[in-house]
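# Coordinates in review
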There are 2 protein chains.
Amino acid sequence: MEEGSQMRGKYVADISSIREAQARINSFIHKTPVLSSESLNAVSGRRLFFKCECFQKGGAFKFRGACNAVFSLDNDQAAKGVVTHSSGNHAAALSLAAKLRGIPAYIVIPKGAPKCKVENVMRYGGQVIWSEATMQSRESVASKVLQETGAVLLHPYNDGRIISGQGTLSLELLEQAPDIDTLIVPISGGGLVSGVALAAKSINPAIRVLAAEPRGANDAAQSKAAGRIITLPETNTIADGLRAFLGDCTWPIVRDLVDDIITVDDKEIIEAMKLCYEILKVVVEPSGAIGLAAVLSDSFKKNPALKNCSNIGIILSGGNVDLGGLWDSFRK
Amino acid sequence: MEEGSQMRGKYVADISSIREAQARINSFIHKTPVLSSESLNAVSGRRLFFKCECFQKGGAFKFRGACNAVFSLDNDQAAKGVVTHSSGNHAAALSLAAKLRGIPAYIVIPKGAPKCKVENVMRYGGQVIWSEATMQSRESVASKVLQETGAVLLHPYNDGRIISGQGTLSLELLEQAPDIDTLIVPISGGGLVSGVALAAKSINPAIRVLAAEPRGANDAAQSKAAGRIITLPETNTIADGLRAFLGDCTWPIVRDLVDDIITVDDKEIIEAMKLCYEILKVVVEPSGAIGLAAVLSDSFKKNPALKNCSNIGIILSGGNVDLGGLWDSFRK
């Protein structure tokens, strides 16, 4: 079992590894603000606390985990650099963390990845290596890079160091808004919700942790229902950050500590994005708006088990989205 | 001279009236966060501190002044309500402040005002009365409303209570980022920059206060050059919040306390908006992005007098902008 994913108690991370991560990354990350809106409280019928990880360095929470993983490496390991294959925010986050440590980051990016996310990788000095869009091609290109460079592979979520880094978000948020009784967290591979749930339930065992998932990539909801990891032959959602599947490190935490999964469709995600832009004035990507979409969905509002979720922390997980359509409209 | 615009020392407001305003409005306003970005520091060659007034209630700093003015009224005055004529953020802010005090707000809105700003007025329960777009029509409709209701007219900027409310922004910002040596503030009628300059220079006389103005509505720059209030026959700028002219309450403060005015064109404003959305992840309206546009302009960068502006506070003044083009692009 590789360094950093050794068992800590039952899982690959725990409150101690999360507190260690906080001490390790605190001087590098932004302490992101928590926003609130009376208008959105009124629309939802609850008090909402928006944790703005779109303002995190690299534009997403991913920098927490990447930074913790990169600064966990010993000097010999680190010197050869880090590798990942990712079309998204983890790639940019890892590039930035590597840049801060002064080591190379090799990023395998599948063709067709969102332009703004590729630009982020380049802005932070990541070395882009293109692959085909299939997972097979991504993995084979990545293992070729590994052989040639001797660099360390850092998986975007199935890794205790990554999960511990993401968990620091809970520590911050529950200090900023101690009244929170419920957290709503986007779920994809499960790295964020695992870290958030481990930390939050350690601080307050009564806190409820809900995951929000797109209907077109509902592997986590299916996995919870089946009691084992389910993967899907394909996914179909506007939320490009939420198309990954649970891994063997995240699944046990999701199985045990996530109280429920709220599924929403893309139309609800876009409506929630509109509210984030127009009421909160925050730029979120589709994946980032899904927590608000979940709170406003009928399946949430009508669920009697969620009736006493009064003070809800919503993670606006990222803000990397192509806004070309907006700038075109100004040029008219 | 009417209540609230009585002379305080040399001007209609001063540090005491601003501190009084802060005590009066503190429980109603959001303490807006200050964001920073290494990427934008690198682009500008300075350290930038972004005061996010787009996250203020009503989506703009205007709520500070409106709230102070509304809660300064005695009960008899207040009972009859408040009136203003405005196509913009002051109207929404006044509606919200009046709603909080439980009194009516009559808002005269010229035809053709931005849709999102009219919606804000309605959301906060302001009573909309339409006028033609000319200033003559706006004023005559407003005075008719005044006669019929006995309500108090609250000018958007030429009023000591409004200026004092806007000044509270300085108190907050200089506490959040005490290293700031320069402030860059959008200028239109001058209410915001007057309050900000009065407070900031009282706290730190060495601080530099710069105003940012669109080239197509450069009455303040012309006024400073001429040494008297200059108005323009027409304005032409995308920044719909920056088309007003200085008033007799704001002009003396702008004349004496604003160190320089940086003029930028609409193309620079749109480029700065893009950076706010894409790097900071903050939704700003064109007027709100003008401070960043000023810092990035050649006339700023090449001005030797501004070379030692190292730690710059930029006021992102508001975020009320029609984003229809963006949502259209998602529907494709």
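Residue positions are given per chain, counted from 1 along the sequence in the order it is written. All chains are assigned letters beginning at A, and all ligands numbers beginning at 1, according to the order in which they are written. Given that this is a predicted model, residues contribute local features only at a pLDDT of at least 70 and side-chain atom pairs are listed and counted only at 80 or more, while totals for whole chains, interfaces and linings are drawn from all residues. By convention in this description, side-chain values take in all heavy atoms of the structure and omit both hydrogens and water.

Before going further, it helps to spend a moment on the interface of chain A and chain B. A contact between two residues is defined here by any heavy atoms of the two lying within 4.5 Å. The partner chain B presents 31 residues to the 31 residues of chain A that form the contact. A 1.4 Å probe defines the accessible area here, and the buried area is the portion of it lost by two parts on being joined, summed over both. At the boundary of chain A with chain B, total buried surface from both sides reaches about 2,700 Å², with 70% on carbon and sulfur atoms. When the buried area of chain A at its contact with chain B is split by residue, A:Lys281, A:Trp327 and A:Phe330 rank highest and sum to 26% of it. Here, a salt bridge means any Lys or Arg side-chain nitrogen found within 4 Å of an Asp or Glu carboxyl oxygen. The tally of links from chain A across to chain B stands at 0 salt bridges. The way it works is that DSSP assigns letters per residue, a run of H or I at least four long becomes a helix, a run of E at least two long becomes a strand, and they are numbered from the N terminus. Elements represented by at least two residues in the side of chain A that touches chain B include exactly helix H12 (266-280) and helix H15 (324-331) of chain A. If one sorts the elements of the side of chain A that touches chain B by residue count, H12(A) sits on top with 7 residues. Here the term charged refers only to Asp, Glu, Lys and Arg, the term nonpolar to Ala, Val, Leu, Ile, Met, Phe, Trp, Tyr, Cys and Pro, and the term polar to all other amino acids, Gly among them. A class-by-class count of the residues in the side of chain A that touches chain B yields 18 nonpolar, 8 polar and 5 charged.

Residue and element names in this part refer to chain A. Fitting a line to C-alpha atoms yields each axis, with helices limited to the stretch in contact; the angle taken between N-to-C directions then spans 0 to 180 degrees. Viewed as axis vectors pointing N to C, helix H3 (residues 62-72) and helix H8 (residues 160-176) meet at an angle of 130°, and their least axial separation amounts to 7 Å. Accordingly, the angle class assigned to the pair H3 and H8 is oblique. Here the hand of the crossing between H3 and H8 comes out right-handed. Of H8, the residues touching H3 (which contributes Lys62, Arg64, Gly65, Ala66, Asn68, Ala69 and Ser72) are Arg161, Ile162, Ser164, Gly165, Gln166, Thr168, Leu169 and Glu172. Here the contact of H3 with H8 is composed, by residue class, of 4 nonpolar, 7 polar and 4 charged. An angle below 35 degrees is treated as roughly parallel, one above 145 as roughly antiparallel, one from 65 to 115 as roughly perpendicular, and anything else as oblique. In a left-handed crossing the near helix is turned counterclockwise from the far helix by less than a right angle, and in a right-handed crossing that turn is clockwise.

With that settled, the discussion passes to the sheet that holds strand S1 (residues 34-35) of chain A. Residues and elements named next belong to chain A. Across the sheet, which stays open at both edges, the 6 strands sit in the order S1-S2-S10-S7-S8-S9 with mixed pairing between neighbours. Either end of the sheet is taken by a strand with one partner, and the two such strands are S1 and strand S9 (260-264). Pairing between strands requires that DSSP locate at least two bridges from one strand to the other. In this sheet, strand S8 (residues 208-214) lies alongside strand S7 (residues 182-186) in parallel orientation, the contact comprising 5 bridges. Its bridge partner lying in S8, threonine 182 is registered against arginine 208. The strands touched by helix H13 (residues 286-296) are strand S2 (47-52), S7, S8, S9 and strand S10 (311-316); relative to S10, the strand with the most contacts, the crossing angle is about 155°.

Residues and elements named next belong to chain B. Its location among the elements puts isoleucine 129 in strand S5 (residues 127-131). Each residue is assigned to one of three classes by its accessible area relative to the maximum for its type, calculated with a 1.4 Å probe on protein chains only: buried under 20%, partly exposed between the two thresholds, exposed over 50%. Judged by relative accessible area, isoleucine 129 falls into the partly exposed class, the value being 25%. Separated by 22 residues in sequence, isoleucine 129 and isoleucine 107 have C-alpha atoms that sit 5.9 Å apart. Discounting chain neighbours no more than four positions away, the residues touching isoleucine 129 are Tyr106, Ile107, Val108, Ile109, Val141 and Val145.

Only residues with pLDDT of at least 70 in both copies contribute their C-alpha atoms to the least-squares superposition of the copies. Between chain A and chain B, which share one sequence, the superposing operator has a rotation angle of 180° and an axial displacement of 0.0 Å; the RMSD is 0.0 Å. On this basis, the relationship between the two copies can be described by a two-fold rotation axis. In terms of proximity to the rotation axis, the leading residue of chain A is A:Leu326, whose C-alpha is 2.2 Å off the axis. The residues that chain A uses at the interface reappear at the interface of chain B in 100% of cases, marking a shared surface.

All names here are of chain B. Neither face of strand S3 (residues 82-85) is exposed, since Val82 and Thr84 on one face and Val83 and His85 on the opposite face are all buried. Relative to strand S4 (residues 105-110), S3 runs parallel, the two being bridged by 4 bridges. By the bridge assignment for S4, valine 82 is matched with alanine 105. Direction of pairing for S3 relative to strand S6 (residues 152-153): parallel, over a ladder of 2 bridges. Bridge pairing links valine 83 to leucine 153 in S6.

Helix span, as expected, comes to 1.5 Å for every residue beyond the first. An ideal rise of 1.5 Å per residue puts 21 Å on 15 residues; H12(A) measures up with 20 Å between its terminal C-alpha atoms. Within two residues after H12(A), A:Lys281 carries a phi angle of roughly 65°, on the positive side.

Turning our attention to the domain arrangement of chain A. Residue and element names in this part refer to chain A. Residue ranges for the domains trace back to a domain assignment, done automatically or taken from a database. By domain assignment, chain A separates into domain 1 (15-61 + 160-321) and domain 2 (63-153). Each of domain 1 and domain 2 has a C-alpha centre, and these two points are 24 Å apart. With 26 residues of domain 1 in contact, the opposing surface of domain 2 contributes 19 residues. Of the roughly 1,800 Å² buried where domain 1 meets domain 2, counting both sides, 58% is carbon and sulfur surface. Our count for the domain 1 to domain 2 interface comes out at 4 salt bridges. A salt bridge links glutamate 285 to lysine 117; the nearest nitrogen and oxygen atoms lie 2.8 Å apart.

All names here are of chain B. Turning to helix H1 (residues 15-25), its buried residues are Ser17, Ile18, Ala21 and Ile25. Down the axis of H1, the sector holding all buried residues measures 100°, keeping them to one side. Buried-residue contacts for H1 involve helix H3 (62-72), helix H8 (160-176) and helix H9 (191-203). Residues adjacent in sequence count toward polar contacts only when both atoms are side-chain atoms; beyond that, a polar contact is any pair of N or O atoms within 3.5 Å, and within protein one must be able to donate a hydrogen and the other to accept it. Taking the backbone nitrogen of serine 16 as reference, a side-chain oxygen 3.0 Å away marks aspartate 14 as the first, capping residue of H1. Note: the arc covers the axis-to-C-beta directions of the helix.

In spatial order, the strands read S5-S4-S3-S6 (chain A); together these 4 strands make up an open sheet with parallel pairing. Each end of this open sheet is capped by a strand with a single partner; those strands are strand S5 (127-131) and strand S6 (152-153) of chain A.

With that settled, the discussion passes to the state of the cysteines. Residues and elements named next belong to chain B. Disulfides are defined in this document as cysteine sulfur pairs within 2.5 Å. Within this structure, the stated rule accounts for 0 disulfides over all chains. No disulfide involves cysteine 116; its nearest neighbouring cysteine sulfur is the one of cysteine 54, lying 13 Å away. A relative accessible area of 14% means that cysteine 116 is categorised as buried.

Moving on: the packing of aromatic side chains. Any Phe, Tyr or Trp ring, taking Trp's six-membered ring, that has another such ring centre within 6.5 Å forms a pair; planes under 30 degrees apart are called stacked, those over 60 apart edge-to-face, and the others tilted. Per the stated rule, a full pass over the model turns up 5 aromatic pairs over all chains. Between the aromatic rings of A:Phe28 and A:Phe71, the centroid separation amounts to 4.4 Å while the plane-to-plane angle is 20°, which identifies the pairing as stacked. Of this pair, A:Phe28 sits in the loop between helix H1 (15-25) and S1 while A:Phe71 sits in helix H3, and the two are 43 residues apart along the sequence. Ring geometry for A:Trp327 versus B:Tyr277: centroids 5.2 Å apart, planes at 80°, classification edge-to-face. Of this pair, A:Trp327 sits in helix H15 while B:Tyr277 sits in helix H12 (residues 266-280), placing the two residues on different chains. Given the relative accessible area of 0%, B:Tyr277 is considered buried.

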